[in-house]
Amino acid sequence: MKAFAALLDQLIYQPSRLGKLRLLADYFATTPDPDRGYGLGALAGTLDIPHAKPAALRELMTTRADPVLFAYSYDYVGDLAETIALMWPGAGANTAPPTLGHIVETLRASSKQAVPGLIAGWLDDLDATGRWALLKLLTGGLRIGVSARLAKTALADWGALDLADIEELWHGYEPPYTEMFAWAEKRGPKPPATGATAFRPFMLSQAIEEQEFAALDPRDFIAEWKWDGIRVQVAGSTGGDGRVFARSGDDISATFPDVIAAARFEAVLDGELLVRGDGFNPAPFADLQQRLNRKAVTRKMIDQYPAFVRVYDILFEKGEDLRGLPWEHRRQRLDAFMATPRDAFDLSPVVAFDTWDALKELRASSRGAGMEGLMLKRRDAPYIAGRPKGPWFKWKRDPLTVDAVLMYAQRGHGKRSSFYSDYTFGVWRDDELVPIGKAYFGFTDAELKQIDTWVRNNTTERFGPVRAVSPGLVLEVAFDAAQRSTRHKSGIALRFPRVSRLRWDKPAAEADLLETVEKLVEG
Amino acid sequence: MNPSAVVASWLKVTPAGLRAAPGNFWIDPVTPVDRAVITHGHGDHARGGHGSVLATDPTLAIMAERFGAQSGAQAARYGEPITVGDMRVTFVPAGHVLGSAQLVLEYNGLRAVVSGDYKRRRDPTCPPFEVTPCDVFITEATFALPVFCHPDDGGEIARLLHSMRVFPERTHLVGAYALGKAQRVIVLLREAGYSAPIYLHGALAGMCALYRHYGIDLGELRPVAGEPLKALAGQIVLCPPGALSDRWSRRMHEPVTAMASGWMRIRQRAKQRGVELPLVISDHADWNELLQTVREVKPGAVWITHGREEALAHALGVMGVPAQALSLVGYDDENDDDLTGTAPPS
């Protein structure tokens, strides 16, 4: 537990991705099995242990401390795990602290009633950092800035393995992943992929610019609409226990039981997860967001926001690996497969075109109806894991832009910690500015310096790392779409906002009005 | 009448601060007064412009360094009672920073001790806190929550040195208060065997020179100003906390941002400030030490000046010690506002 606690404690302060990878590699290299595998599982969200409810932990704390002092402390610290870790009156040095493996295995083998007593005993034996890590683990969701993908990347980097290989194997194995560590340390063979419902790494596309088309022959390519949902892989199962995987490789089956119920087939499909709107049209992305990131989903949610998958590729059928076939052959197989109507699945059509100019016109018409541009795929390309250059391109429609006024600036992290680099911007509603979003990229380093200086010279108020500024700097903000949102005062949220230009020339009073942005909302 | 009520009749909270009527003086006044008695040199306790100032010799020197020579300056020695008006005032070490003192006030057979800011841990740069039994003990409460339990400072310095080994190519930029914390960190580093030159932000130079004048050995110190960037790779640079996020810090090459403060105990605080290496080193008593101090001083009553008064008053009440908050304003020692302040140019 000491090594895992030290790792979490360092990760939480580490702003850079490379720094995190370095810390994780060090942990894998210096921590024995099974602890490191449980640690990896905890970071990747695959470690299944009985979780402790916050209320139970609070109760445990009040058996050891004055409830009034606990209340003052919790109020001050604001994080339950940290409050308890810091004020738990354990001595911490009498007994050897438990290992992570011991904790995980003991929890799994214990009855529910025994858990509070076990936790109390461990809290007594651990130091403050160890207590904090244990409580983070027990409350689920470490939230220390490490995604499942980053954890897997660290394993790949450290063991000089291919990330795609790890992702493909990942769902067939469980913590403590001893086979994977043996493989990474060249002590054992590559573990075999198991079962039909394993995850297969996605083939991804490169972005393309208009001027690059001159070098390409339109006859080599087909086009498809680029749908505005989330990319998923559906591994069907005739037994009804299929899987839905997100781009990250995360298993999101539990969130989409409606899709799983319909996936009673022996095939692995690639497509876009969408929510059905009017008729068979995709609803706005905001509707899909209602369904995302939920651990449990109610009947009502499913009825109100029915999910479906618009498929465009087939990777396996009846155990046959189709990934080595050219796109054209796979598409024939997909068309035949989809000839049988299936609930929650439909086919993404192939878009016909002769010339790049014709395609350009099609792209211009791709706004609305859940589209965000076009995909181009080489007819002869096999399905290759990763992001190969050449076979697949995405050609997104032009972004929308709005001229917004800088309202707040926040200091960045890591290399940007002395710069005001995160910007909240707003537009006019009558004579008041209302925030519509935040952006922290899209400008050059030189421009960042200019904005930083401007922020420092035009500050009206300071709140910790945030400065409010007087309305005076207009930012041209590019974004992919505008949608309704109850989270912002303006009632509007932007997707992928980025600063596209600094409008030093434009007076703040001439920035856009909220009603102009409202007209851009889709759906 | 109980002793606390009697003391309250001659030691009162006024807008300028705590006023001792029989001596006709204010303690750590926040606005200019005729006669000021100062516990220690931190900016929220020692301010310029008073008619006369009574303080320890180092505190007077610190005030002179910060505000220029003070009119009517009178130096007090630790442990030697001084008659002021109708009362006796004795300065007793508080263990907070160089020159810091508790004020022992005696009048009509009753004794009140104004602790000022204090700590109970060993500090090689100043004499340790001394326990003085009294009727009323007036204490700070900066870290008066059970979550504040400062770790051993040697362990914190070891983490800094460990980071220097893991990232030998990076500059370790350590935020530390100009008065007290910076010098303590330097001496702790020297004790841990770190003998290389330590680089200083310009705002720390004056106070370090003053500590040296009082016989504190700080080893070789060099100003950052004028040093080529490359010379700072792999070195320790000390700066005021505000400079960590100031434009000044940009001249450092991929710095590891460290910060020495008791507040670093709370992870979200450290994270919010963008600190990569929080060092929990405090010049204040932690929770257990506050309670321990009251147990040792055995006062009839405790008054609480600034910090988290409610929690301390509650805990003392449970211990059976009558306690009340004084609601003094203007003291924000090591507080967050202080942390975000911008540094003077170097």
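Residues numbered from 1 in each chain as written. Chains lettered and ligands numbered in written order. Predicted model: local features only at pLDDT ≥ 70, side-chain atom pairs only at ≥ 80, totals over all residues. Heavy atoms only, no water.

A. The overall build of chain B, seen in detail. The helix and strand inventory of chain B stands at nine helices and 19 strands. Against the compact-globule benchmark of 20 Å for 346 residues, chain B has a radius of gyration of 20 Å, which places it among compact chains. Reported as C-alpha extents along the three principal axes, the dimensions of chain B are approximately 70 × 45 × 30 Å. With 346 residues in all, chain B has 60% of them scored as buried. Contacts in chain B between residues at least 24 apart in sequence constitute 62% of all its contacts with a sequence separation of at least 6. Distance between charge centres in chain B, computed from 32 positive and 36 negative side chains, equals 3 Å. (Helix = DSSP H or I, 4+ residues; strand = E, 2+ residues; numbered from the N terminus. Rg over C-alpha atoms; globule rule 2.2 N^0.38 Å. Buried < 20%, exposed > 50% of the residue type's maximum accessible area, 1.4 Å probe, protein only. Contact = heavy atoms within 4.5 Å. Lys, Arg positive; Asp, Glu negative; His and termini not counted. Charge placed at Lys NZ, Arg CZ, Asp CG, Glu CD.)

B. Spotlight on a negative patch on the surface. All names here are of chain A. Taken together, Asp430, Asp431, Glu515 and Glu518 make up a surface patch of like negative charges. Among the secondary structure elements, Glu518 is positioned in helix H19 (residues 514-518). Residue class for Glu518 comes out partly exposed when judged on its relative accessible area of 32%. (Patch = residues over 30% accessible without salt bridge, like charges linked within 9 Å, V, L, I, M, F, W, Y side chains within 5 Å. Areas by Shrake-Rupley, 256 points an atom, 1.4 Å probe, with all protein chains shown as cover. Salt bridge = Lys/Arg side-chain N within 4 Å of Asp/Glu carboxyl O.)

C. Geometry of the pattern of salt bridges. Using the criterion set out here, one finds 55 salt bridges over all chains in the structure. Of the charged contacts, one joins Asp398 of chain A and Arg363 of chain A as a salt bridge, the two residues approaching to 2.9 Å between their closest N and O atoms. Residue Asp398 of chain A is found in the loop between strand E11 (392-396) and strand E12 (400-411), and its partner Arg363 of chain A is found in helix H17 (residues 356-364); the two are separated by 35 residues along the sequence. With relative accessibility at 52%, the residue Asp398 of chain A sits in the exposed group. Residue Glu432 of chain A pairs with Arg429 of chain A through a salt bridge whose shortest N-O separation is 3.6 Å. Among the residues examined, Glu432 of chain A registers a relative accessible area of 31% and is labelled partly exposed. In this structure, a network of salt bridges that share partners links the residues Lys119, Asp123, Asp153, Arg184 and Asp283 of chain B.

D. Quick look at the confidence of the model for chain B. In the predicted model, chain B carries a mean pLDDT of 91, and 95% of its residues have values of at least 70. Confidence over residues 333-346 of chain B falls short of pLDDT 50; this stretch has 45 contacts with residues more than four positions distant or in other chains. (pLDDT = per-residue confidence, 0-100.)

E. Region of the structure containing the sheet that holds strand E2 (residues 221-227) of chain A. Residues and elements named next belong to chain A. Pairing in this open sheet of five strands is mixed, and the strands run E1-E11-E10-E2-E9 from one edge to the other. Taken across any chain shown, the strands that pair with only one partner, and hence form the sheet edges, are strand E1 (206-207) and strand E9 (350-351). Bridging between E2 and E9 involves two bridges; their strand directions are antiparallel. Of the residues in E9, the one forming a bridge with Ala223 is Val351. Across the sheet, helix H16 (residues 327-338) is in contact with E2, E9, strand E10 (371-378) and E11; its angle to E2 comes to roughly 55°. (Pairing = 2+ DSSP bridges. Axes fitted to C-alpha atoms, helices over the stretch in contact; angles between N-to-C directions.)

F. Summary view of unusual backbone geometry. For the bond running from Asp33 of chain A to Pro34 of chain A, omega is -5°, close enough to zero to count as cis. Inspection of the secondary structure assignment puts Pro34 of chain A in the loop between helix H2 (17-30) and helix H3 (35-44). Here the amide bond leading from Pro175 of chain A into Pro176 of chain A is cis, since omega sits at 10°, within 30 degrees of zero. Tracing the sequence through the fold places Pro176 of chain A in the loop between helix H11 (163-170) and helix H12 (178-184). Of note, Ala160 of chain A is a non-glycine position whose phi angle comes to about 50°, a positive value. Position of Ala160 of chain A among the secondary structure elements: in the loop between helix H10 (148-159) and H11. The phi dihedral of Asp28 of chain B falls on the positive side, at around 45°, and the residue is not glycine.

G. Quick peek at the packing of aromatic side chains. The final tally for this structure, using the stated rule, is 27 aromatic pairs over all chains. Considering the side-chain rings of Trp10 of chain B and Tyr107 of chain B, the 5.4 Å spacing of their centres and the 75° angle between planes classify their relative orientation as edge-to-face. On the criterion of sequence distance, the pair formed by Trp10 of chain B in helix H1 (residues 3-10) and Tyr107 of chain B in strand E9 (residues 101-107) is long-range, its members being 97 residues apart. Grouped by ring-pair contacts, the aromatic residues Phe213, Phe221, Phe353, Trp356, Phe393 and Trp395 of chain A constitute a single cluster. In this arrangement the basic side chain of Lys377 of chain A is found over the ring face of Trp392 of chain A, its NZ or CZ atom lying 4.1 Å from the centre. (Phe/Tyr/Trp six-rings, centres within 6.5 Å; stacked < 30°, edge-to-face > 60°. Lys NZ or Arg CZ within 6 Å of the ring centre and 35° of its normal.)

H. Broad picture of the domain arrangement of chain A. All names here are of chain A. Once the domains are mapped, chain A shows domain 1 (206-396) and domain 2 (400-518). Each of domain 1 and domain 2 has a C-alpha centre, and these two points are 34 Å apart. Listed by partner, the interface residues are six residues for domain 1 and five residues for domain 2. Overall, the association of domain 1 and domain 2 removes approximately 480 Å² of surface from exposure, summing both partners, and the carbon and sulfur fraction of that is 31%. (Domains from an automatic or database assignment. Buried area = accessible area lost by both parts, 1.4 Å probe.)

I. A look at the state of the cysteines. Applying the stated criterion to the full structure yields zero disulfides over all chains. Left without a disulfide partner, Cys126 of chain B is nearest to the cysteine sulfur of Cys208 of chain B, which lies 15 Å away. (Disulfide = S-S within 2.5 Å.)

J. A look at the environment of Arg108 of chain A. Residues and elements named next belong to chain A. Residue position: Arg108 is located in helix H7 (residues 100-109). Here Arg108 falls in the partly exposed class, since its relative accessible area comes to 40%. Of note is the side chain of Arg108, whose polar atom sits 3.1 Å from the backbone oxygen of Asp48. (Polar contact = N/O pair within 3.5 Å; in protein donor to acceptor, adjacent residues only side chain to side chain.)

K. Just H17 of chain A, in detail. Residue and element names in this part refer to chain A. Considered for burial, the residues of H17 that qualify are Trp356, Leu359 and Arg363. Angularly, the buried residues of H17 cover 55° about the axis, an arc narrow enough to put them on a single face. Turned more than 90 degrees from where H17 packs its buried face, Asp357, Glu361 and Ala364 sit exposed. Contacts made by the buried residues of H17 are with E2, E10 and E11. (Arc of directions from axis to C-beta.)

L. Region of the structure containing the environment of Ile208 of chain A. Among the secondary structure elements, Ile208 of chain A is positioned in the loop between E1 and E2. What makes Ile208 of chain A buried here is its relative accessible area of 4%.

M. Region of interest: the interface of chain A and chain B. On the chain B side, the residues contacting the 32 residues of chain A number 35 residues. Across the chain A to chain B interface the summed buried area is about 3100 Å²; carbon plus sulfur atoms make up 54%. On the chain A side of the contact with chain B, Tyr13, Tyr76 and Leu86 of chain A bury the most area, a combined 25% of that side's loss. Linking chain A with chain B are two salt bridges, by the criterion used here. For the salt bridge of Asp9 of chain A with Arg267 of chain B, the shortest nitrogen-to-oxygen distance reads 3.0 Å. Our count for the contact surface shared by chain A and chain B stands at five residue pairs in polar contact (both at pLDDT 80 or more). Among the elements of the structure, helix H5 (67-77), helix H6 (80-87), helix H9 (128-139) and helix H18 (445-457) of chain A are those that each provide at least two residues to the side of chain A that touches chain B. Ranked by residue count, the leading element in the side of chain A that touches chain B is H5 of chain A, at six residues. Grouping the amino acids of the side of chain A that touches chain B by side-chain chemistry returns 14 nonpolar, nine polar and nine charged. (Nonpolar A, V, L, I, M, F, W, Y, C, P; charged D, E, K, R; others polar.)

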